[in-house]
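Residue-level listing of the chains:
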Amino acid sequence: MSSEQEFRVMFKGPQWVGGEQLVHGAVRLDHVIGLRGGERVLNVAASDLSILTSGDLPANLVAAIRTVQPRAYSAWTADEEAALREMWERGAEIPAMVSALGRRWSGIKARAKKLGLPPRAGSGTP
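The sections below set out a description of the structure shown in this document.

1. A look at the overall build of the protein chain
Here is step 1 of the chain: A count of helical and extended segments in the protein chain gives four helices and four strands.
Here is step 2 of the chain: Shown N-terminal to C-terminal, the secondary structure of the protein chain runs as helices and strands in the order β-β-β-β-α-α-α-α.
Here is step 3 of the chain: Expressed as a percentage of the 126 residues in the protein chain, the buried residues total 25%.
Here is step 4 of the chain: Across the protein chain, the fraction of contacts at a sequence separation of at least 24, relative to all contacts at a separation of at least 6, is 39%.
Here is step 5 of the chain: In the structure as shown, the protein chain presents an accessible area of about 8,700 Å², 53% of it carried by carbon and sulfur atoms.

2. Here we look at the packing of aromatic side chains
Here is step 1 of the chain: Counted by the stated rule, this structure contains one aromatic pair.
Here is step 2 of the chain: For the pair W88 and W105, a centre-to-centre distance of 6.2 Å together with 20° between the ring planes defines the contact as stacked. Taken together, the residues span a long stretch of sequence, with W88 in helix α2 (residues 78–89) and W105 in helix α4 (residues 105–114) at a distance of 17 residues. Across this residue pair, the class does not change: W88 and W105 are buried.
Here is step 3 of the chain: The ring of W76 is capped by R103, whose NZ or CZ atom sits 4.0 Å from the centre of that ring.

3. Some details on the nonpolar core
Here is step 1 of the chain: Core analysis: the biggest nonpolar cluster contains twelve residues, these being W76, L84, M87, W88, A92, M97, V98, L101, W105, I108, A112 and L117.
Here is step 2 of the chain: Those elements that place two or more of their residues in this core are α2, α3 (94–101) and α4.
Here is step 3 of the chain: In this view, M87 contacts A92, M97, A100 and L101; residues no more than four positions away in its chain are not counted.

4. Some points on the packing of α2 against α3
Here is step 1 of the chain: Orientation of α2 relative to α3, taken along the N-to-C sense of each, is 165°, at an axis distance of 11 Å. As the angle between them shows, α2 and α3 are arranged roughly antiparallel. Note on packing geometry: the crossing formed by α2 with α3 is right-handed. Along its contact with α2, which presents E80, A83, L84, M87 and W88, the element α3 presents M97, A100 and L101.
Here is step 2 of the chain: Each residue belonging to the contact of α2 with α3 can be placed in one class, and the counts come to seven nonpolar, no polar and one charged.

5. Here we look at the pattern of salt bridges
Here is step 1 of the chain: A full pass over the atoms with the stated rule returns four salt bridges.
Here is step 2 of the chain: Residues E80 and R71 are paired through a salt bridge, measuring 2.7 Å at the closest nitrogen-oxygen approach.
Here is step 3 of the chain: Overall, E80 belongs to the buried group, its relative accessible area being 12%.
Here is step 4 of the chain: Where R90 meets E86, a salt bridge forms, and the shortest distance between an N and an O atom there is 2.7 Å.

6. Regarding α3
Here is step 1 of the chain: Those residues of α3 lying buried are M97, V98 and L101. Relative to the axis of α3, the buried residues are bounded by an arc of 100° and lie together on one face. Structural note: α3 exposes P95, S99 and A100 on the side pointing more than 90 degrees away from its buried face.
Here is step 2 of the chain: Contacts made by the buried residues of α3 are with α2 and α4.
Here is step 3 of the chain: G102 sits one or two positions beyond α3 and adopts a positive phi of about 65°.

Reading guide: rules and limits
- Numbering of residues starts from 1 in each chain and follows the order in which that chain's sequence is written.
- Totals for whole chains, interfaces and linings use every residue, but because this is a predicted model, local features are given only for residues with pLDDT of at least 70 and side-chain atom pairs only at 80 or more, for both listing and counting.
- To get the side-chain values, all heavy atoms of the structure are used, and hydrogens and water are removed first.
- Only DSSP runs of H or I covering at least 4 residues are called helices, and only runs of E covering at least 2 are called strands; the numbering of each starts at the N terminus.
- Categorising residues by exposure relies on relative accessible area from a 1.4 Å probe, with only protein chains included: less than 20% of the type maximum marks a residue as buried, more than 50% marks it as exposed, and the intermediate range marks it as partly exposed.
- Here, two residues are considered to be in contact whenever any of their heavy atoms come within 4.5 Å of each other.
- Method for areas: the Shrake-Rupley scheme with a 1.4 Å probe, in which residue coverage is limited to the protein chains shown.
- We call Phe, Tyr and Trp rings a pair once their centres come within 6.5 Å, taking the six-membered ring for Trp, and we label the pair stacked below 30 degrees between planes, edge-to-face above 60, and tilted otherwise.
- A positively charged side chain is recorded as over a ring if its NZ (Lys) or CZ (Arg) lies within 6 Å of the ring centre. The angle to the ring normal must also be within 35 degrees.
- Here, the term nonpolar core denotes a set of buried Ala, Val, Leu, Ile, Met, Phe, Trp, Tyr and Cys residues that are joined through side-chain atoms within 4.5 Å.
- Axes here mean lines fitted to C-alpha atoms, for a helix over just the part in contact, with angles spanning 0 to 180 degrees between N-to-C directions.
- An angle below 35 degrees is read as roughly parallel, one above 145 as roughly antiparallel, one from 65 to 115 as roughly perpendicular, and any other as oblique.
- A crossing counts as left-handed when the near helix is turned anticlockwise from the far one by less than a right angle, and as right-handed when that turn is clockwise.
- Polar here means any residue outside two lists: the nonpolar Ala, Val, Leu, Ile, Met, Phe, Trp, Tyr, Cys and Pro, and the charged Asp, Glu, Lys and Arg; Gly therefore counts as polar.
- Salt bridge, as used here: a side-chain nitrogen of Lys or Arg that lies within 4 Å of a carboxyl oxygen of Asp or Glu.
- Note that the arc is defined by the directions from the helix axis to the C-beta atoms.

Written out as structure tokens, the structure reads:
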């Protein structure tokens, strides 16, 4: 049995696909890997997705992400910032920070940069 899922897509403008011009269509996927600036930011089975989008995140996508990372897209508290600072400075592993803070790695990197934390050894992050 295939684990492929079909997703409807809409393009920002007409696209040439198979010799015809389309403004919407469908794609069948079994796995989605997303890259941003050469960094893998998404690696998930298509069966675990409920929506694909670009631009603003719809509320249902944020809710889906929060089932795994409950604090994603929420305002940071002073206690969370202190915990991040402590983990960052002691060199905690990325998965440990994601798990402990309930946030996406991109959110942790952004907050570390905002807090002025030093780059991590060998990664240039933040």
